[in-house]
Amino acid sequence: MAASRSIIISGAGIAGLTAALAFSARGYRVEVHERSRQIETAGAGIQLSPNALRVFDKLNVLEAVKRVASAPDGIRILTADSAKQINTVPLGSAAIRRHGIGYLTIHRSELAQALLAACNDDPDITIQTGSAVSDAVGHSNGISAMVTRGASVNTHRGALMVFADGIHSAGRTEAFALPGAVHSGFEAWRGMISADALPKGFDLENTQLVWGTGAHAVLYPVRKGRQVNAIVCIRTRDRSQMLPRKGDADVLLQRLRRWHGSFRSLFGAVEEWPVWPLLAMPARGTWHHGRMVLIGDAAHGMLPFAAQGAAMGIEDAEVLAAMVERHGTTHKALAQWEKLRRQRVRRVATLAHRNGRIYHMGWPGSLARNAVVSLSDGERLAERQAWIYDWKP
């Protein structure tokens, strides 16, 4: 196929694989280069809101995702010190009624496998692992990318170079010469709990959002209820840690010593606690340069407190493919794409930052917060992020 109908993607994460499917659906030939030897499945659970699911529906992968996902009935908000319920934000059937599509939780590896399977079934998509885009140069006919695979270096040509290489994006720092991610002052302890280790009567029908002082936790089922994903986000003064590390459970439990015993017991059932620093991308700098584009975390990595990091990358991929299909890879088209995405991403990132302040509020502000939320109608609480979920590709 001519280079004018070929797209080169760096990174086979959620945003990169979604972009591959989105471009292929529009008649482009896509090659995906993943630096790692295998498709990355690090992390644990991920939440998929209606805006992301609409993209998957359009790309004909929604049913495959649903088969391995869970659909929580709601989000139960609990206090960390007493484990008492403050309120419940309805999801499940309420989300379907409100948004026309549901809300899912899924293990990241199973989502990656569903997207990868769709890509592997598509004759117009080629995925190469252990393959790194080391340089890219734009010219009048498109883009030339230098791809290193093993001991060989080859030139690949296409109409557009898409960097979807994540929060530690090499494309961002090398091809765009932009500053990389910065530490947010938070870190996430991520663990998995087997259903066999759960206490009798544990709620597998809802996501649980636990508010503490300087820390909060999120618990929800994955792998069709065979496991519970546990994430504990805490403030940290050490901003030098930029890569995941192995966490010490005793350190975490000491940090959560004032939390209710039911939570501490639950966290004690976690065998491993990988600790991920929560990084964010600086807002300055463009997301397109010539015929090169940054999407997902490589462009706008954000705090996870609105559960929208992956969803924004999924949206990026679909909107970019649609824009290129209609208007080509001209500067004007890519500038318009960036303008559209920046407006939305900025609002979502602002909400995530605001949620972080609410979730980690200290005493006595937390008392007022809990009182206000407890007296609020659950449906009205759900409306707070409805403008995000209502987005359609």
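For the structure, check the block above.
Residues numbered from 1 in each chain as written. Predicted model: local features only at pLDDT ≥ 70, side-chain atom pairs only at ≥ 80, totals over all residues. Heavy atoms only, no water.

## Some points on the overall build of the protein chain
- Scanning the protein chain for helices and strands turns up 14 helices and 19 strands.
- Across the 393 residues that make up the protein chain, the buried fraction comes to 54%.
- Of the roughly 17200 Å² of accessible surface on the protein chain, 50% is carried by carbon and sulfur atoms.
- Of the side-chain charges in the protein chain, 47 are positive and 33 negative, and the distance between the mean point of each set is 6 Å. (Helix = DSSP H or I, 4+ residues; strand = E, 2+ residues; numbered from the N terminus. Buried < 20%, exposed > 50% of the residue type's maximum accessible area, 1.4 Å probe, protein only. Areas by Shrake-Rupley, 256 points an atom, 1.4 Å probe, with all protein chains shown as cover. Lys, Arg positive; Asp, Glu negative; His and termini not counted. Charge placed at Lys NZ, Arg CZ, Asp CG, Glu CD.)

## Structural notes on the nonpolar core
- Counting residues in each nonpolar core, the largest one holds 97 residues, and the members touching the most others are Phe23, Phe56, Ile295 and Leu320.
- In terms of residue count, helix α10 (residues 309–327) provides more of this core than any other element does, nine residues in total.
- Look past the residues within four positions of phenylalanine 56 in its chain and what remains in contact with it is Thr18, Leu48, Val61, Leu62, Val65, Leu111, Leu115 and Ile314.
- Trp189, Ala215, Ala217 and Leu266 belong to the second-largest nonpolar core, a separate cluster that totals 24 residues. (Core = buried A, V, L, I, M, F, W, Y, C linked by side-chain atoms within 4.5 Å. Contact = heavy atoms within 4.5 Å.)

## A few points about unusual backbone geometry
- Geometrically, the link from tryptophan 363 to proline 364 is a cis peptide bond, its omega value of 5° lying close to zero.
- In this structure, proline 364 sits in the loop between α11 (331–359) and α12 (365–374).
- Located in the positive-phi region is asparagine 60, a residue other than glycine, with phi close to 65°.
- Mapped onto the secondary structure, asparagine 60 falls in the loop between α2 (50–58) and α3 (62–67).
- Even without a glycine there, the phi angle at lysine 224 is positive, about 55°.

## Section: a positive patch on the surface
- On the surface, a cluster of positive charge is made up of Arg237, Arg255, Arg257 and Arg258.
- Within the secondary structure, arginine 237 is located in the loop between β15 (227–235) and β16 (245–247).
- Taking relative accessible area as the criterion, arginine 237 reaches 86% and is therefore assigned exposed. (Patch = residues over 30% accessible without salt bridge, like charges linked within 9 Å, V, L, I, M, F, W, Y side chains within 5 Å. Salt bridge = Lys/Arg side-chain N within 4 Å of Asp/Glu carboxyl O.)

## Quick word on helix α8 (residues 261–268)
- Along α8, the residues classified as buried are Phe263, Leu266 and Phe267. Seen from one end, α8 has its buried residues packed into an arc of 95°, which puts them on one side. (Arc of directions from axis to C-beta.)

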